[in-house]
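# Understanding the architecture of this molecule
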Amino acid sequence: MSDYIVLVKQVPDVTQITDNAFDVETGTLVRSRLASVINELDSQALAFANEMRRISSDKAGKIIALTMGPPMAEEVLRYSLSRCADMVVLLTDRNLAGADTVATANPLAFAVRRIVKEILKGSKDYYVISGMQSVDGDTAQVPPQIAEELGLPCIAYVTKAEFKDKRFEFTRIISGGSQVVAAKKKPAVVTVAKYEFPLFATFAKARQANQIQIIRWGSDDIKASHIGVTGSKTSVIRVFPPGKSTRKCEKVDDAKSLARLIVDSFKSGNGEDAQGEETRTSRYVLPGKRTAKFERGFEGTKKENENYTFLADKLSELRITDTNQIDEACREKIIAVSEGHFRKKALDDMIKGFELTKPSYTGEVWGVAEHNEGRIHPATFELIGKARELADSLETKVGVAVAGYEIEPMAKDLITAGADNIYIIEDKLLSEFDPTAYRKAIADAINSYWPQIVLFAATPQGRMLAPMVSYRVGCGLTADCTGLDIRDSSRKGQIGILLQTRPALGGNVMATICTKNSKSQMATARPGVMKRLPVDESRKGKIIKHKVELTEDDVSLEILKTELGTGEVNFEADVIVSGGKGMQSRDNYERLVGLLCDGLSKRLDTQIERGASRAAVEQGFVERVHQVGQTGTSIGPKLYIALGISGAIQHMIGVANTDTIVAINSDPNAPIFKQCDYYIVGSVEDAIPQLVQALEVE
Ligand SMILES: Cc1cc2nc3c(=O)[nH]c(=O)nc-3n(C[C@H](O)[C@H](O)[C@H](O)COP(=O)(O)OP(=O)(O)OC[C@H]3O[C@@H](n4cnc5c(N)ncnc54)[C@H](O)[C@@H]3O)c2cc1C
């Protein structure tokens, strides 16, 4: 009999953002001005646990909902009770507030331990189920970190469970397709990426929900080792509004006008170019290499830069050229003219900062490679491009860690892409990606060489491996970065640290984060944002073989089936026409996508290829190999036409490098309209024949 501990979180409702939810001064979203709801994927996780209990015909299995949050998070527990939960636990304490993912996963794992001991009476037959991520954090880090703390297998991005031969088999999303796996042992952590059969509250359950007592625990009740701000390994140093989309987002009213825009933008190539990194700034130079002793133009925040510029100006006016000339009288003078810029302590710290020239962290800049069937994932090359830039600034080397079996032949491609040292961790047990075995391999290499920065691709594999590795080696991790820069915080004694910028709250704010209390700075980088370098065949690199002791026990999952796209698709074509779930059927996809491809091919006289969203592939409209996006292929054509595609982040990541994006969607509020250049609101059935006709005459 299995029991289920379901993690639920209360989050701001980012789907209902009104104008007054923004701070007028800073332009950033104020979380407290949004309504609070259960995280949608957690409500799906709850339904998923209920389904697991049903298909295993195990009526006695308990569902226990667990949340950590302020007292009002009780609402999501009542929600859970009114659906299917039998018991609920609220972890609430001021000391737990302000936590990053480490300081969230850690107390939740300790709470799970206590639930297991006291409620499940030490049973090992249980699953921890949660949504793959929450809409406010969007990191997907907490569940793998809980698994790491508890030493459990983690099965992430699950979309389906089946009960066969007395065990669960889970279908999960992987790069390039899907996979069916089973945990080799119980308990296990499962994260749900999609489960479309919601549970509704019944009258009886809703009544019962108000009567069941909530178990309340504070931080003293669970004795976690990392809690709150002090237990966190990252800190937010800046929050700012996202930059305006570089897309035109222009609504077009008729097919004739759209045909003209398509032809014009294709011919002139004047669409927007790739969406580059956020906060792209000038290349960092170490303090010792700057032209002047007092030059501190690479501080992490605007205020720090302003303060140092002010101080450098004053020192120049006083004809001071070295810090040992700054005596007490001089300090007094600066404070007197500073008009409140800084107090004595701050000035002393800033002056001390001038003496610092060496980076706070030492070691190489690493990327962790992802590969499949002997081919390196394109996102790895982007990591190397970024790592090269960071390493050059820090005057160190680029290392790439690759775990797998018979992988040495791939080293050459990594070197010609910009890497200096390739750390090969080879073992037959690493033939296929297993989160626990790979975590052990990569964490062991990090523990041996201690690179100062470790970058992973924010692919499903990277987003699951990175949290486990970073948790294991005791370092902070920032998810899904769209900007990575080296900067100083000289006043705080930090030189050459990695500033990690990422979208948060569903892309409504940007946050710049830095690592703390860690030996290395770690981040996952969003694919399609960083740039790979041109291949340089003349580059030379070193292969370093790193041996890790692995046994069968380190492999946590049994891989039962892998489905990957096969066949040839020319995604190098100038124009890609993709159909989504809105195409409604395979017939419609073939007829309408085919019609538009023919029309465009005649009019533009170029190669056209067919693409699809993941949902269209899952509906069977077209073969997997046509899938575009995070777990499909990332493309960068001159023209991309999205038909009946909503514009989910995982799809749009894959088309970020397109020149011109055109969308046709019947929903006037489709998210894709905020991420494309031209769009028509209308059904594909009506709009496509009209567009094809217009293309013939325009
Ligand atoms: C880990 C992970 C990885 C993923 N990787 C990918 C990936 O690589 N690629 C990818 O695409 N997705 C990926 N997804 C899935 C992604 O989150 C979305 O679920 C998916 O992109 C949705 O596809 P869609 O837009 O076709 O379907 P929906 O989101 O269902 O949208 C269908 C759209 O069609 C419109 N529509 C309906 N009828 C019509 C009509 N008659 N005419 C015009 N418009 C119509 C609707 O208004 C709607 O906007 C991933 C998800 C996860 C969790």
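Reading the values: rules and limits
Residues numbered from 1 in each chain as written. Predicted model: local features only at pLDDT ≥ 70, side-chain atom pairs only at ≥ 80, totals over all residues. Heavy atoms only, no water. 1 Å grid on protein atoms, 1.4 Å probe; cavity = no way out; pocket = protein on both sides within 12 Å on 5 of 7 lines; lining within 4 Å. Points joined across faces, edges and corners; volume = space filled by probe spheres on them. Helix = DSSP H or I, 4+ residues; strand = E, 2+ residues; numbered from the N terminus. Nonpolar A, V, L, I, M, F, W, Y, C, P; charged D, E, K, R; others polar. Pairing = 2+ DSSP bridges. Axes fitted to C-alpha atoms, helices over the stretch in contact; angles between N-to-C directions. Contact = heavy atoms within 4.5 Å. Buried < 20%, exposed > 50% of the residue type's maximum accessible area, 1.4 Å probe, protein only. Core = buried A, V, L, I, M, F, W, Y, C linked by side-chain atoms within 4.5 Å. Salt bridge = Lys/Arg side-chain N within 4 Å of Asp/Glu carboxyl O.

## Comments concerning empty space enclosed by the protein
Enumeration over the complete set of coordinates arrives at two cavities of 30 Å³ or more. Lining the largest cavity, in full, are Val 368, Ala 369, Glu 370, Phe 456, Ala 457, Gln 461, Gly 462 and Leu 465. Looking at the lining of the largest cavity, the elements that each hand over two or more residues are strand E19 (453-457) and helix H15 (460-473). Per-element tally for the lining of the largest cavity: the top contributor is H15, with three residues. When grouped by side-chain class, the residues that make up the lining of the largest cavity number five nonpolar, two polar and one charged.

## Focus on the sheet that holds strand E23 (residues 509-515)
Strands sit in the order E12-E23-E22-E21 across an open sheet of four strands; the sheet is antiparallel. Here the strands that pair on one side only, and so sit at the sheet edges, are strand E12 (234-240) and strand E21 (483-489). Recorded for the sheet is a direction-independent mean angle of 35° between the axes of neighbouring strands. Relative to E23, strand E22 (residues 494-504) runs antiparallel, the two sharing five bridges. Among the inter-strand pairings, Gln 500 is bridged to a residue of E23, identified as Ile 513. The strands touched by helix H12 (residues 378-394) are E21 and E22; relative to E21, the strand with the most contacts, the crossing angle is about 15°.

## Description of unusual backbone geometry
Backbone torsion omega between Lys 186 and Pro 187 reads 0°, so that peptide bond is classified as cis. Of note, Pro 187 is situated in the loop between strand E9 (177-183) and strand E10 (188-192). For Glu 395, which is not glycine, the phi dihedral falls at a positive 55°. Along the chain, the position of Glu 395 falls in the loop between H12 and strand E17 (398-404). Positioned with a positive phi, Leu 505 is a non-glycine residue whose angle comes to about 45°. Relative to the elements of secondary structure, Leu 505 occurs in the loop between E22 and E23. According to the relative accessible area criterion, Leu 505 is buried, its value standing at 7%.

## With respect to the nonpolar core
Leu 66, Ile 115, Ile 442 and Ile 446 are the most contacted members of the largest nonpolar core, which has 69 residues in total. For this core, the element with the highest residue contribution is helix H3 (residues 101-118), accounting for eight residues. Residue contacts for Leu 66: discarding those within four places in its chain leaves Ile 5, Val 6, Leu 7, Val 8, Leu 77, Val 89, Leu 108, Ala 111, Val 112 and Ile 115.

## Some words on the pattern of salt bridges
For the structure on display, the rule yields 38 salt bridges. We note a salt bridge from Glu 355 to Lys 293, for which the minimum N-O separation is 3.5 Å. Here Glu 355 is found in the loop between helix H11 (344-354) and strand E14 (365-368), whereas its partner Lys 293 is found in the loop between helix H8 (255-268) and helix H9 (302-317), with 62 residues between them in sequence. In this structure Lys 293 comes out as partly exposed when scored by relative accessible area, which is 38%. Within this structure, Glu 328, Arg 331, Lys 344 and Asp 348 form a network of salt bridges that share partners.

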